[in-house]
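Overview (structure and organization)
Letter by letter, the chains look like this.
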Amino acid sequence: MEYTQLGRTGLKVGRIVLGTMNFGPHTDEADSHSIMDAALAAGVNFFDTANVYGWGENKGRTEEIIGSWFAKGGGRRDKVVIATKVFGGMNAAGEPWPNEDRLSALNIRRSVEASLRRLRTDHIDLYQFHHVDRRTPWEEIWQAMDVLVQQGKILYVGSSNLAGWHIAQANETARRRGSLGLVSEQCLYNLAERRAEMEVVPAARAYGLGVIPWSPLHGGLLGGVLRKEREGGGARSTSGRSADALANSRIRDQIQAYEDVVDKHGLAPGEVALAWLLTRPGITGPIVGPRTAEQLASALRAAELKLPEELLVDLDEIFPGPGASPEAFAW
């Protein structure tokens, strides 16, 4: 496994990030533990989760599965950089009670304590805002985070789903307080969805944030979905976001062209999509969310894959990026 610094920090993380969103809803505890064992054995040291994973009445279940894995000992916790998130309400019955969601100082305090209990650890390495909170001032958010850092309950702060100007606003506020500020940003970024290149990735690079793309296969769209459809094995892959996208003939033609050019090079579509992200400036590593050991093995192969220059050119032609702002929409 190749390692890199997380943004401007001294923290070293692997270039493949183990996403755990499937642990609980789609992968049971025993198989989840096996996947984490295999990931750790392969050198993957960066695990990502969120307090709401498990979803519905099972919110928090994913953190519990990771916590029970940590509790097995063997140095598991010391070897893993664990990242979790705060924002969503944890009330499984429906609408959250006031102050049980978003980024108020009160909810941040309650949420971190609950995550620590579920994860069975005394600290969280990277505590991330799951979304921007337009109702809470950054001064309040940073006050709460600074207290947690001083208490040793969190080490670094990251974000997810922020606009470029949110990153600037957050880190300028942190600078005024003498805080380290955001060190990472998780954003939707892949070959088929490159709008992050306009402002989010440039802002992250300017402020020294590591970029951690989520949904690197765009909901399965870049994982050989048309081939699986033809072979009759695409039932899950062609549901949700993939099915909606493939209903658009232009997108379907793009995906077909993608699968054709990847097949010409004798490569697997999903592995190419991950390897492409690793060529992009400012990228720490994509989040992969395996449901099975084989899906993890495929992601690990992608980390070793060197894409030919000819293929990179073809990929840009099939999925052209938007360009940087303001040239993307002005002169």
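Reference entry: report on the structure contained in this document. (Residues numbered from 1 in each chain as written. Predicted model: local features only at pLDDT ≥ 70, side-chain atom pairs only at ≥ 80, totals over all residues. Heavy atoms only, no water.)

Overview of the packing of helix 5 (residues 138-151) against helix 6 (residues 164-177)
What counts here: Lines fitted to C-alpha atoms define the axes, with helix axes restricted to the stretch in contact, and inter-axis angles between N-to-C directions lie between 0 and 180 degrees. Put simply, DSSP H or I for four residues or longer makes a helix, DSSP E for two residues or longer makes a strand, and each gets a number counted from the N terminus. An angle below 35 degrees is read as roughly parallel, one above 145 as roughly antiparallel, one from 65 to 115 as roughly perpendicular, and any other as oblique. Take the far helix as your reference; a near helix turned counterclockwise from it by less than a right angle gives a left-handed crossing, and one turned clockwise gives a right-handed crossing. The contact rule is simple, with two residues in contact once any of their heavy atoms fall within 4.5 Å. Under the convention adopted here, Pro, Cys and the residues Ala, Val, Leu, Ile, Met, Phe, Trp and Tyr are nonpolar, Asp, Glu, Lys and Arg are charged, and Gly plus all remaining residues are polar.
Remark: helix 5 packs on helix 6, axes separated minimally by 10 Å, with the N-to-C direction vectors making an angle of 60°. Taken together, the axes of helix 5 and helix 6 lie oblique to each other. Two packed elements cross with a definite hand, and for helix 5 against helix 6 that hand is right-handed. Of the residues in helix 6, those in contact with Trp138, Glu139, Trp142, Gln143 and Asp146 of helix 5 are His166, Gln169, Ala170, Asn171, Thr173, Ala174, Arg176 and Arg177. Of the residues belonging to the contact of helix 5 with helix 6, the class tally is four nonpolar, five polar and four charged.

Focus on the nonpolar core
In plain terms, the rule: Take the buried residues of types Ala, Val, Leu, Ile, Met, Phe, Trp, Tyr and Cys, join any two whose side-chain atoms come within 4.5 Å, and each joined set is a nonpolar core. The rule is simple: take the accessible area with a 1.4 Å probe, protein chains only, and divide by the maximum for that residue type; under 20% is buried, over 50% is exposed, in between is partly exposed.
Ranked by internal contacts, the top residues of the largest apolar core, which has 72 residues, are Phe47, Tyr127, Met145, Ile255, Tyr258 and Leu315. Of all the elements, helix 5 adds the most residues to this core, at six residues. Beyond its immediate sequence surroundings of up to four residues, Met145 is in contact with Ile108, Tyr127, Phe129, Ile154 and Val157. Membership of the second largest hydrophobic core comes to twelve residues, among which are Phe46, Ala83, Tyr156 and Ile212.

A few points about the packing of helix 10 (residues 249-264) against helix 13 (residues 309-318)
The contact between helix 10 and helix 13 brings their axes to 10 Å, and the two run at 175°. In this view, helix 10 runs roughly antiparallel relative to helix 13, as classed from their interaxial angle. For the pair formed by helix 10 and helix 13, the contact residues are Gln254, Ala257, Tyr258, Val261 and Lys264 on the first element and Glu310, Leu311, Asp314, Leu315 and Ile318 on the second. Residues belonging to the contact of helix 10 with helix 13 are distributed by class as follows: six nonpolar, one polar and three charged.

Regarding the pairing of strand 7 (residues 154-160)
The condition that has to hold: Seen with its strands pointing away from the viewer, a crossover is right-handed if its path from the first strand over the helix to the second goes clockwise. Here the rule is simple: two strands pair whenever DSSP picks up at least two bridges between them.
The element strand 7 is extensively covered by neighbouring structure, given that six of its seven residues are classed as buried. Handedness of the crossover joining strand 6 (residues 124-129) and strand 7 through helix 5 is recorded here as right-handed. Two elements, strand 7 and strand 8 (residues 182-188), share three bridges in a ladder whose sense is parallel. Bridge pairing in strand 8 places Ser160 opposite Gln186. Between the parallel pair strand 7 and strand 8, the chain is carried across by helix 6, and the sense of this crossover is right-handed.

Concerning the pattern of salt bridges
Heads up, the rule is: Criterion for a salt bridge: a side-chain nitrogen of Lys or Arg within 4 Å of a carboxyl oxygen of Asp or Glu.
Enumeration over the complete set of coordinates arrives at 20 salt bridges. Between Lys85 and Asp48 there is a salt bridge whose closest N-O contact spans 2.8 Å. Of this pair, Lys85 sits in strand 5 (residues 81-86) while Asp48 is found in strand 4 (residues 46-48), placing the two residues 37 residues apart along the sequence. With respect to burial, Lys85 and Asp48 carry one shared label: buried.

Brief notes about the sheet that holds strand 9 (residues 210-214)
Think of a sheet as strands paired side by side through backbone hydrogen bonds, with each pair either parallel or antiparallel. Read across the open sheet, the eight strands follow the order 9-8-7-6-5-4-3-10; overall the sheet is parallel. Two strands close off the open sheet at either side, each with one partner strand: strand 9 and strand 10 (287-288). Relative to strand 6, strand 5 is paired through four bridges, and the arrangement is parallel. Bridge pairing links Lys85 to Gln128 in strand 6. The sheet contacts of helix 4 (residues 105-119) involve strand 5, strand 6 and strand 7, and relative to strand 6 the element is tilted by about 135°.

Description of the side chain of Thr173
Mapped onto the fold, Thr173 is located in helix 6. A residue is classified by how much of its surface remains accessible, and Thr173, at 4% relative accessible area, is buried. Those residues in contact with Thr173 that sit more than four places away from it in its chain are Trp138, Glu139 and Trp142.

Examining the pairing of strand 9
With four of five residues buried, strand 9 is to be regarded as a mostly interior element. Bridge analysis of strand 8 against strand 9 gives five bridges, and the strand direction is parallel. For Leu188, the partnering residue across the bridge sits in strand 9 and is Trp214. Taken together, strand 8, helix 7 (residues 200-206) and strand 9 form a β-α-β motif whose crossover is right-handed.

Side note on the packing of aromatic side chains
Formally: Pairing of aromatic side chains requires ring centres within 6.5 Å, counting the rings of Phe and Tyr and the six-membered ring of Trp. Pairs whose planes differ by under 30 degrees are stacked, by over 60 edge-to-face, and all others tilted. We call a charge positioned above a ring when the Lys NZ or Arg CZ atom is no farther than 6 Å from the ring centre and deviates by at most 35 degrees from the ring normal.
What the rule picks out here adds up to seven aromatic pairs. Between Tyr258 and Phe319 the ring centres are 5.7 Å apart and the planes differ by 65°, which places this aromatic pair in the edge-to-face class. Residue Tyr258 is found in helix 10, and its partner Phe319 is found in the segment after helix 13; the two are separated by 61 residues along the sequence. Taken as a pair, Tyr258 and Phe319 share a single burial class, namely buried. Taken together, the aromatic side chains of Phe47, Trp69 and Phe70 make up a single cluster linked through ring pairs. Its end group placed over the ring of Phe70, Arg77 keeps NZ or CZ at 5.3 Å from the ring centre.

Some points on helix 2 (residues 61-70)
A large share of helix 2 lies buried, amounting to eight of its ten residues. Listed in full, the buried residues belonging to helix 2 are Thr62, Glu63, Ile65, Ile66, Gly67, Ser68, Trp69 and Phe70.

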